[in-house]
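Here's the letter readout for the chains.
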Amino acid sequence: MAAQQSQGIQTLLEAEKEAAKIVQQARQYRVQKLKDARTEATKEIEEYKKAKEQEFKSFEASHAGTTSNAQTAVDKETEVKLQEITDSYNKNKDAVVTKLLDRVVLVKPELHRNLKKVGA
């Protein structure tokens, strides 16, 4: 009977070792799956990052031309306005100078309208 108990104990110990081995393999499998998942996630993140970076660069390139076109349009408009102002100045400067000189030189002495005549 002692041999039978010894054999039963031996069977239980072997079963326990086998169970421990299976648990250890399951842990290693889980750890490996986590590592694989992290690696895969990192790859996906990098691909997404590259795609977004490329999208941003293409957006930036397409709108960079718009900025230079807008700057060119503003420069042309400024040049036109400046030319209009210069033309207006050259056209009206003689008349303005004449009016100013007339006001300064040809003075008509008269009483101010708010001043009342004392004698009247």
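Parameters at a glance
Residues numbered from 1 in each chain as written. Predicted model: local features only at pLDDT ≥ 70, side-chain atom pairs only at ≥ 80, totals over all residues. Heavy atoms only, no water. UniProt positions renumbered as here; feature names shortened; annotations may be inferred. Salt bridge = Lys/Arg side-chain N within 4 Å of Asp/Glu carboxyl O. Helix = DSSP H or I, 4+ residues; strand = E, 2+ residues; numbered from the N terminus. Buried < 20%, exposed > 50% of the residue type's maximum accessible area, 1.4 Å probe, protein only. Patch = residues over 30% accessible without salt bridge, like charges linked within 9 Å, V, L, I, M, F, W, Y side chains within 5 Å. Areas by Shrake-Rupley, 256 points an atom, 1.4 Å probe, with all protein chains shown as cover.

Under an unreviewed UniProt entry, the protein chain has the name V-type proton ATPase subunit G and belongs to Crucibulum laeve. Quoted straight from UniProt, the Subunit (unreviewed entry) entry for the protein chain says "V-ATPase is a heteromultimeric enzyme made up of two complexes: the ATP-hydrolytic V1 complex and the proton translocation V0 complex." In UniProt, the protein chain has this text filed under Sequence similarities (unreviewed entry): "Belongs to the V-ATPase G subunit family."

Peer 1: What's the story with the pattern of salt bridges in this structure? I'm lost.
Peer 2: When their charged atoms lie close together, side chains carrying opposite charge are able to pair. Applying the stated criterion to the full structure yields one salt bridge. Note that K52 and E55 form a salt bridge whose closest N and O atoms lie 3.5 Å from each other. One end of the pair, K52, and the other, E55, are both in helix 1 (residues 2-105), three residues apart, so they sit about a helical turn from each other. With a relative accessible area of 46%, E55 lands in the partly exposed category.

Peer 1: Teacher, can you tell me more about a nonpolar patch on the surface here?
Peer 2: Residues V97, L101, V104, V105 and L106 make up a contiguous nonpolar surface patch of roughly 510 Å² in combined accessible area. Locating V97 in the fold gives a position in helix 1.

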